[in-house]
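# Breakdown of the fold
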Amino acid sequence: MEELLCIGCGAPIQTEDKGKLGYTPQSALEKGLETGELYCQRCFRLRHYNEISDVQLTDDDFLRLLHEVGDSDALVVNVVDIFDFNGSVIPGLPRFVAGNDVLLVGNKKDILPKSVKDSKVTQWLTERAHEEGLRPVDVVLTSAQNKQAIKDLIDKIEHCRKGRDVYVVGVTNVGKSTLINAIIQEITGDKDIITTSRFPGTTLDKIEIPLADGSHIYDTPGIIHRHQMAHYLSAKNLKYISPKKEIKPKTYQLNPEQTLFLGGLGRFDFVAGDKQGFTAYFDNELKLHRTKLEGASDFYDKHVGSLLVPPVGKEKEEFPALVKHEFTIKDKTDIVFSGLGWIRVSGPARVAGWAPEGVAVVTRKAII
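What you see is a predicted model, and the numbers here were worked out from it, not measured in a lab. (Residues numbered from 1 in each chain as written. Predicted model: local features only at pLDDT ≥ 70, side-chain atom pairs only at ≥ 80, totals over all residues. Heavy atoms only, no water.)

If you walk through the whole model with that rule in mind, you get ten aromatic pairs. When the centroid spacing of 5.9 Å and the interplanar angle of 75° are considered together, the rings of F85 and W124 count as edge-to-face. One end of the pair, F85, is in the loop between β1 (74–81) and α4 (93–97); the other, W124, is in helix α5 (residues 118–131), with 39 residues separating them in the sequence. Of the two residues examined, F85 and W124, each falls in the buried class. A network of ring pairs unites the aromatic residues F83, Y281 and W342 as a single cluster. The aromatic ring of W354 is capped on one face by R267, whose charged end is 4.0 Å from the ring centroid. When the ring centre of W342 is taken as reference, the NZ or CZ atom of R364 above it lies at 4.7 Å. (Phe/Tyr/Trp six-rings, centres within 6.5 Å; stacked < 30°, edge-to-face > 60°. Helix = DSSP H or I, 4+ residues; strand = E, 2+ residues; numbered from the N terminus. Buried < 20%, exposed > 50% of the residue type's maximum accessible area, 1.4 Å probe, protein only. Lys NZ or Arg CZ within 6 Å of the ring centre and 35° of its normal.)

With twelve residues, helix α6 (residues 150–161) ought to run about 16 Å at 1.5 Å a step, and its terminal C-alpha atoms sit 16 Å apart, in line with that. For α6, every residue scored as buried is listed here: I150, L153, I154, I157, C160 and R161. Buried residues of α6, seen end-on, are gathered within an arc of 140° and therefore sit on one face of the element. In α6, the exposed residues that point more than 90 degrees away from the buried face are K151, D155 and H159. On the buried face of α6, the contacting elements are β1, β2 (102–107), β3 (138–141), β4 (165–169) and α7 (176–188). Backbone geometry just downstream of α6 places K162 in the positive-phi region, at approximately 50°. (Expected span 1.5 Å × (residues − 1). Arc of directions from axis to C-beta. Contact = heavy atoms within 4.5 Å.)

Think of an α-helix as 3.6 residues a turn; residues three or four steps apart then line up on the same face. Every buried residue of helix α8 (residues 296–303) is listed here: A296, F299, Y300 and H303. The buried residues of α8 all sit within an arc of 100° when viewed along its axis, so they share a single face. Turned more than 90 degrees away from the buried face of α8, the exposed residues are D298, D301 and K302. On the buried face of α8, the contacting elements are β8 (258–262), β9 (266–273), β11 (288–292) and β12 (322–329). Downstream of α8 by a residue or two, G305 has a phi angle that is positive, lying close to 95°.

For the pair α6 and α7, interaxial distance at closest approach is 10 Å and the crossing angle is 85°. The angle between the axes of α6 and α7 places the two elements in the roughly perpendicular class. Contacts between α6 and α7 involve I150, K151, L153, I154 and I157 from the former and L179, A182, I183, E186 and I187 from the latter. When its residues are assigned to classes, the contact of α6 with α7 shows eight nonpolar, no polar and two charged. (Axes fitted to C-alpha atoms, helices over the stretch in contact; angles between N-to-C directions. Parallel < 35°, antiparallel > 145°, perpendicular 65-115°, else oblique. Nonpolar A, V, L, I, M, F, W, Y, C, P; charged D, E, K, R; others polar.)

This part covers the sheet that holds strand β10 (residues 276–281). Taken in spatial order, the five strands make up an open sheet running β7-β10-β14-β13-β16, and their pairing is antiparallel. Because the sheet does not close on itself, it has two edges, and the strands there are β7 (250–254) and β16 (361–365). Taken pair by pair, the neighbouring strands of this sheet meet at an average axis angle of 25°, ignoring direction. Where strand β13 (residues 333–337) lies against β16, five bridges are found, and the strand directions are antiparallel. Of the residues in β16, the one forming a bridge with I335 is T363. (Pairing = 2+ DSSP bridges.)

Structure (structure tokens):
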């Protein structure tokens, strides 16, 4: 009998074990076969009720899929999140793609302020990719959510693949499946075939999309970054780290020895330097709070979960302690809180960024 696959996440359909990938009740299986829309129970609940259920997928499974990419003669479409470039780089990707062409797709361009020119972002992404050892054949900016530049992307993929298969890769939460859905809709008119959500790790196995010439586009599972901020937040609060609208930068004139709290998720200290403006790029709903550097740690302990949110409730109890990263800045630089946003420092200044243990705080050339 032909293996049946969930069209939402790619997992093999089975009716025996509720705790395993691809579980579908027998009645739902029969209905799905009738309608031609066969979803596992996990995808069905995710699509209709926005409920997520945990499934066991190991890092080895992801590595196996990446090796498969390297062993193929294919075009690799690497989707990154422009808003969280550092958190959306796949470690060691140049090694895995093994000489295959890479087309870099910067998703969520609609999140950046409209004043930022596409050409500048493209140049900036190319420079960052080179720093990571990637030499993309081209860079395309899109918004999967708003279906911006999808036609351009399809044309670029067609031009670069030269009749080969296409593998779409990315870490969790970069909008990869939303992008593939937009491509499918543009080509066929079918809507929302692949399961998408804000939750990390929605696509569970390789999904094949046939192309007219007999080649395929393969949507692969999101590579899970163990240290993404998303893993520490409840479903309700994921909105603070996955902006859906254009972010409105906020500039704060700070004196030395002042602190900005980023809700309760992070902290920025202006340790030393001349009074200057610091521009914050975070989700519009995230409340930033200014206070004195002296006593800031006690202030956090007292107010996290009330004045400084998220985290809240049970989430707060399990939230890791904030860890300090210090930097000496000479000229215009972004201090990036991985998966949350960034603060632009004009410099010169000595500053510190605090984030949950394991979540990176890094510097980069200012994007804006």
